[in-house]
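Below are the chains, spelled out letter by letter.
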Amino acid sequence: MSEQKYVYFFGEGKAEGSAEMRDELGGKGANLAEMTNLGLPVPPGYIVSTKACAYYYQHDGKYPDGLEEQVEENLTKLEKAMGKKLGDPENPLLVSVRSGAPVSMPGMMDTILNLGLNDETIKGLIKQTKNERFAYDAYRRFIMMFSDVVLAGDEGRPNYRPELKRHRFEELFDEVKKEKGVSLDTDVDAEGLKEVVSRFKEHFKKAYGEEFPSDPREQLRFATNAVFESWNSPRANSFRKIKSIPDNLGTAVNVQAMVFGNMGDDCGTGVIFTRDAITGDNVLYGNYLGNAQGEDVVAGIRQSMPILEMKAVMPVLYDELQEHAQRLEKHYRAIQDIEFTVEKGRLFILQTRSGVPTATGRAVIKAFVDMAEDGLLGKGEAGRQQAVLEIQPDHVDQLLHPQIDPKAKAKPIAKGVNASPGAAVGTVVFTPDDAVSEAKAGKNVILVRPETTPDDVHGFAPAQGILTQIGGATSHAALVARGMGKPCVAGCGQISIDLASKKFTIGDIVVKEGDTITIDGTKGNVYLGKVPTIPPEMTDELKKLLSWADSFRRLGVWTNADYPRDAKVARDFGAEGIGLCRTEHMFMETERLPVVQDMILAKTAEERQTALDRLLPFQRDDFIGIFRVMDGLPVIIRLIDPPLHEFLPAHDKLLKDVTKFSMANHQFGGVFAEELKEKEDMLRAVESMREMNPMLGLRGCRLGLVMPEIIEMQVRAIITAACMVKKEGVDVHPEIMIPLIGHVNELKVTKDKLVEVAKQAMEEQKTTVDYKFGTMIEIPRAALTADDVAEVADFFSFGTNDLTQTVFGISRDDAEGKFLMRYVEQGILERNPFQTLDRDGVGKLIKMAVENGRKTNPKLEVGICGEHGGDPSSIEFCHQVGLNYVSCSPFRVPIARLAAAHARLKE
Ligand code: PEP
Ligand code: MG
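The paragraphs below set out a description of the structure included in this document. (Residues numbered from 1 in each chain as written. Chains lettered and ligands numbered in written order. Predicted model: local features only at pLDDT ≥ 70, side-chain atom pairs only at ≥ 80, totals over all residues. Heavy atoms only, no water.)

### Let's talk about the coordination of the magnesium ion (ligand 2)
For the magnesium ion (ligand 2), the full set of protein donor atoms is Glu-778 (OE) and Asp-802 (OD), at a range of 2.0 to 2.2 Å. Taken as a pair, Glu-778 in the loop between strand 29 (772-777) and helix 28 (780-784) and Asp-802 in helix 30 (residues 800-808) lie far apart in primary sequence, 24 residues in all. No difference in accessibility class separates Glu-778 from Asp-802, as the two residues are buried. (Donors = N, O, S within 2.8 Å, 3.2 Å for Na, K, Ca; no water. Helix = DSSP H or I, 4+ residues; strand = E, 2+ residues; numbered from the N terminus. Buried < 20%, exposed > 50% of the residue type's maximum accessible area, 1.4 Å probe, protein only.)

Following this line, the structure appears as structure tokens:
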């Protein structure tokens with residue numbers, strides 16, 4: 001039996017792996033192999049596969065048989081390729097060690113550079129480079145990084161050694177700078193750096209209890225284990241949870257020969273995107289930093305040069321870089337995010353990965369649309385299909401984020417880098433933990449940090465936006481925020497953060513924890529207080545993309561809209577109908593609520609009718625507005641659904657009012673008798689309506705059966721409105737929907753009554769309209785007897801909010817906060833079933849109901865109007881079970897159009 005292969009070599013124009021081997025080589029490793037095979041100037045190295053990491057976790061930190069021998073073999077190959085040897089005091093090989101998971105996890109895993117340095121090999125490095133300063137600089141970086149990444153451990157874990165954290169070494173470095181009277185790292189001379197190295201080693205020994213490991217092979221072993229361990233660090237776990245990345249993938253270890261960007265003025269390093277990562281324009285985007293190592297660019301310590309300026313300063317290199325960038329983009333058919341280094345005038349490509357996760361939604365959409373039109377993704381329709389498939393719902397969602405209202409007069413108090421688009425308003429917090437707890441308490445927060453590190457990731461999700469003092473467009477904060485679609489202003493150097501007293505200052509402006517600010521991640525501005533925002537706009541590329549998506553999808557996309565203004569927004573976004581108009585929302589409007597309350601509290605049929613007669617014109621005019629906006633398209637209007645007590649004041653509030661007025665009345669000799677009686681009546685009514693289980697009580701179709709006058713008024717309003725707009729020339733298609741039926745007879749009895757009302761309304765209007773009559777399926781019994789129900793209904797609309805509630809038997813109003821999210825954390829449920837349709841349970845019922853319903857009524861129109869109608873995974877399911885349409889909130893319409901196309905194209 002041949003031995004399992006764990007180690008893969010790349011270098012000298014040939015690699016053992018390729019991009020297809022992502023699962024084993026990790027994203028970075030697969031790309032290094034692929035780039036090598038493409039003939040790009042990649043420094044050679046080898047990859048320890050994710051299989052070794054998986055073995056390591058399954059066997060208590062042991063290596064599999066053969067791994068050490070394979071590493072040794074490949075190390076020898078690498079030494080040969082570079083003409084250097086690990087640990088050689090004459091001409092030492094130095095390597096970088098990086099992690100690389102199969103799925104992109106920007107900034108999550110740790111990198112060690114300059115591995116192989118010790119007191120002996122540094123002599124060789126000085127000899128080879130003739131640059132003592134550079135060598136000691138590399139050495140001090142290595143000691144700091146190795147200590148921080150390999151040995152400092154993670155906060156809250158037993159292996160945690162805070163004294164080995166990076167910032168402790170930086171403090172020591174700062175001490176030396178102070179003693180030397182310089183402020184910049186680059187101003188410290190070789191002697192100074194030698195002193196820094198010596199202090200670092202001394203500090204290490206004190207903190208660790210042993211000398212700094214000097215054997216390069218031991219360093220390599222330590223580093224490999226650290227990469228394996230970092231897969232399981234709290235921050236990596238947290239990132240995976242947010243991104244739903246499985247825990248058992250494991251990471252690969254990439255060991256690669258070092259090349260140096262900090263050997264002098266003919267050296268440098270940079271990070272670029274093949275297209276503008278903010279706008280998607282077809283120009284290189286990123287920064288170049290002369291005489292520096294990669295980490296300097298990301299850390300933003302020194303001001304780097306925008307890549308377009310490099311064109312003027314180093315035209316030859318720029319052209320070469322551009323050529324490689326284009327080749328990579330063409331090869332990978334996506335924006336690339338490339339790291340490169342120039343060593344003594346020679347360009348090396350260190351890394352390429354998809355730039356899609358860290359570019360803005362706007363950029364991704366523009367880039368793929370342009371690439372499809374330029375034929376870079378395939379010919380004609382194939383290219384357009386590819387573009388549609390590459391662009392994810394989140395990208396579209398980002399573009400639909402609010403922006404600062406251009407009419408707002410607000411003046412920014414500071415400006416930083418526009419790192420991730422969209423405007424966000426919230427109160428300031430300074431720690432990720434505070435972001436979590438304040439958001440839990442229902443606040444909108446902006447997380448403000450000097451800079452962010454992977455330790456801060458759990459504070460991103462609950463925050464509305466992120467503001468940092470240091471770093472730029474490729475900083476950690478920028479990458480993570482863009483990936484999550486959170487507005488972010490990064491590198492806002494004008495603010496000065498005082499973490500201890502939880503405030504920041506800009507000149508004499510002081511912003512304390514809890515103060516409200518607005519950030520504009522599109523422009524990079526920071527404002528004091530709440531600045532008005534406007535709803536987002538569709539770009540030309542987005543419109544084009546969605547029109548392509550429309551040509552591929554089968555599923556219709558309708559919207560849930562209660563008002564003409566919402567209907568208009570949705571129609572502009574491409575909605576093809578209204579799938580749910582919740583009429584009770586109209587009852588809640590200030591001028592109507594008292595009339596609704598009169599209607600509920602009426603003691604006689606006449607009193608009730610009087611109130612209903614007053615409500616009818618309101619409802620009729622609402623429908624007229626909606627029908628006009630939806631000219632030519634179907635409009636499903638749902639009759640009253642919630643329990644009536646929802647329209648009355650809360651019981652405990654009424655109790656307090658009665659006590660208050662009763663005391664006041666007593667004190668002031670009966671002056672408040674009238675108010676008291678009114679509150680007492682209301683209290684009595686509320687008490688008479690109280691139910692132990694209101695969600696399973698007198699609501700939905702049951703209300704109409706017990707108190708038919710309300711729904712009769714509604715149907716009269718709908719049909720009258722439809723007749724009136726028809727006379728104006730509007731092409732009107734009303735559909736009347738009955739909620740919450742469990743038994744077909746509920747529908748039958750209701751329908752019989754309402755058909756009469758509709759007939760009467762048409763007679764009064766002296767015209768007729770075609771209308772449909774259907775029902776929501778949101779009770780399991782209705783789904784189970786769908787064949788019977790379909791005989792009476794023209795359409796079904798799955799109310800999956802209630803259907804999920806009733807199928808699981810868990811409350812849609814309380815479960816998430818009480819236990820449901822814990823279920824998700826513990827893996828009892830994979831996802832929150834109120835967000836993403838539970839295909840195995842609720843979905844099974846839907847599938848069955850669609851099939852059985854169509855058996856007895858082949859013309860049955862079927863859709864979904866629960867929140868799931870805007871969720872991409874649920875939309876895919878709706879496509880698969882053959883629904884006619886999904887209906888979602890107006891701002892989800894473009895996302896649903898894309899998701900519906902994805903479902904069809906993936907078929
Ligand atoms: C549903 O239950 O899914 C639904 C759309 O109705 P509502 O949310 O109004 O109960
Ligand atoms: Mg419902």
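From this point, the discussion proceeds with the structure in view.
### Observations concerning the nonpolar core
Judged by nonpolar contacts, the single largest core of 132 residues is most densely connected at Phe-627, Ile-719, Phe-798, Ile-846 and Leu-883. Top contributing element to this core by residue count: helix 26 (residues 708-728), with eleven residues. Discounting residues that sit within four places of it in the chain, Ile-846 has contacts with Phe-798, Thr-800, Leu-803, Leu-837, Phe-877, Val-881 and Leu-883. In this structure, Phe-9, Tyr-46, Cys-53 and Met-263 belong to the second largest nonpolar core, which totals 61 residues. (Core = buried A, V, L, I, M, F, W, Y, C linked by side-chain atoms within 4.5 Å. Contact = heavy atoms within 4.5 Å.)

### Considering the packing of aromatic side chains
Taken as a whole, this structure holds 22 aromatic pairs when the rule is applied. An aromatic cluster of at least three residues, connected via ring pairs, comprises Phe-142, Phe-146, Phe-204, Tyr-208, Phe-212 and Phe-222. The positively charged end of Lys-177 is found above the aromatic ring belonging to Phe-173, 5.0 Å away from the centroid. For the cation-ring pair, Lys-660 lies above Phe-661, with the distance from its terminal atom to the ring centre recorded as 5.2 Å. (Phe/Tyr/Trp six-rings, centres within 6.5 Å; stacked < 30°, edge-to-face > 60°. Lys NZ or Arg CZ within 6 Å of the ring centre and 35° of its normal.)

### Regarding the side chain of Arg-140
With respect to the helices, strands and loops of the structure, Arg-140 is situated in helix 5 (residues 132-151). Owing to a relative accessible area of 5%, Arg-140 belongs among the buried residues under this scheme.

### Focus: a nonpolar patch on the surface
A contiguous nonpolar surface patch, about 290 Å² in accessible area, is contributed by Leu-698, Leu-705, Val-706 and Val-749. Along the chain, Leu-705 falls in helix 25 (residues 701-706). Note on Leu-705: relative accessible area 30%, which makes it partly exposed. (Patch = residues over 30% accessible without salt bridge, like charges linked within 9 Å, V, L, I, M, F, W, Y side chains within 5 Å. Areas by Shrake-Rupley, 256 points an atom, 1.4 Å probe, with all protein chains shown as cover. Salt bridge = Lys/Arg side-chain N within 4 Å of Asp/Glu carboxyl O.)

### Structural notes on the pairing of strand 32 (residues 885-888)
Side-chain alternation along strand 32 places Tyr-885 and Ser-887 on one buried face and Val-886 and Cys-888 on a second face that is also buried. With four bridges connecting them, strand 25 (residues 556-560) and strand 32 associate as parallel partners. Of the residues in strand 32, the one forming a bridge with Val-557 is Val-886. Since strand 31 (residues 861-864) and strand 32 lie parallel, the crossover through helix 33 (residues 872-880) that links them has a hand, and here it is right-handed. (Pairing = 2+ DSSP bridges. Right-handed = clockwise from strand over helix to strand, strands pointing away.)

### Concerning the pattern of salt bridges
Oppositely charged side chains can pair when the atoms bearing their charge come close. Under the criterion given, the structure shown has 58 salt bridges. Asp-137 serves as the salt-bridge partner of Arg-141, at 3.1 Å between the closest nitrogen and oxygen. Taken together, the residues span about one helical turn, with Arg-141 and Asp-137 both in helix 5 at a distance of four residues. Relative accessible area serves as the criterion here: at 6%, Arg-141 is assigned to the buried category. Overall, Asp-137 belongs to the buried group, its relative accessible area being 6%. Beyond isolated ion pairs, a larger network of salt bridges with shared partners links Glu-584, Arg-638, Asp-641, Arg-699, Asp-802 and Arg-812.

### Thoughts on the site of ligand 1
Of all residues adjacent to ligand 1, which total 14 residues, the nearest are Arg-582, Glu-778, Gly-799, Asn-801 and Arg-812. Within the backbone of Asn-801, one N or O atom sits 2.7 Å away from an oxygen atom of ligand 1. In isolation ligand 1 offers 280 Å² of accessible surface; the protein chains occlude 95% of this area. Counting only elements with at least two residues in the shell around ligand 1, the list comes to strand 26 (578-582) and helix 30. At three residues, the largest contribution of residues to the shell around ligand 1 is made by helix 30. (Near = heavy atom within 4 Å. Polar contact = N/O pair within 3.5 Å; in protein donor to acceptor, adjacent residues only side chain to side chain.)

### Structural notes on the sheet that holds strand 31
Around the barrel, which closes on itself, the eight strands sit in the order 25-26-27-28-29-30-31-32 with parallel pairing between neighbours. The sheet shows a mean angle of 25° between the axes of neighbouring strands, direction not considered. Sitting on the sheet, helix 26 touches strand 27 (634-638) and strand 28 (733-738), and the angle it makes with strand 28 is about 170°. The strands that helix 32 (residues 839-856) touches are strand 30 (795-798) and strand 31; relative to strand 30, the one it contacts most, it runs at about 175°. (Axes fitted to C-alpha atoms, helices over the stretch in contact; angles between N-to-C directions.)

### Quick look at the environment of Ser-183
Its place among the elements puts Ser-183 in the loop between helix 6 (166-180) and helix 7 (190-208). Look at Ser-183 and you get exposed, because its relative accessible area is 62%. Each C-alpha atom of the pair Ser-183 and Gly-697 lies 72 Å from the other, and the pair is 514 residues apart in sequence.

### Some details on the sheet that holds strand 15 (residues 423-429)
As a general point, the strands of a sheet are linked pairwise by backbone hydrogen bonds and lie either parallel or antiparallel. Spatially, eight strands are ordered 13-23-22-15-16-17-18-14 in an open sheet, and the strand pairing comes out mixed. Every other strand in the sheet has two partners, leaving strand 13 (414-415) and strand 14 (417-420) as the edge strands with one partner each. Where strand 14 meets strand 18 (residues 488-490), three bridges bridge the pair, whose relative direction is antiparallel. When the sheet's bridge partners are listed, Asn-418 is paired in strand 18 with Val-489.

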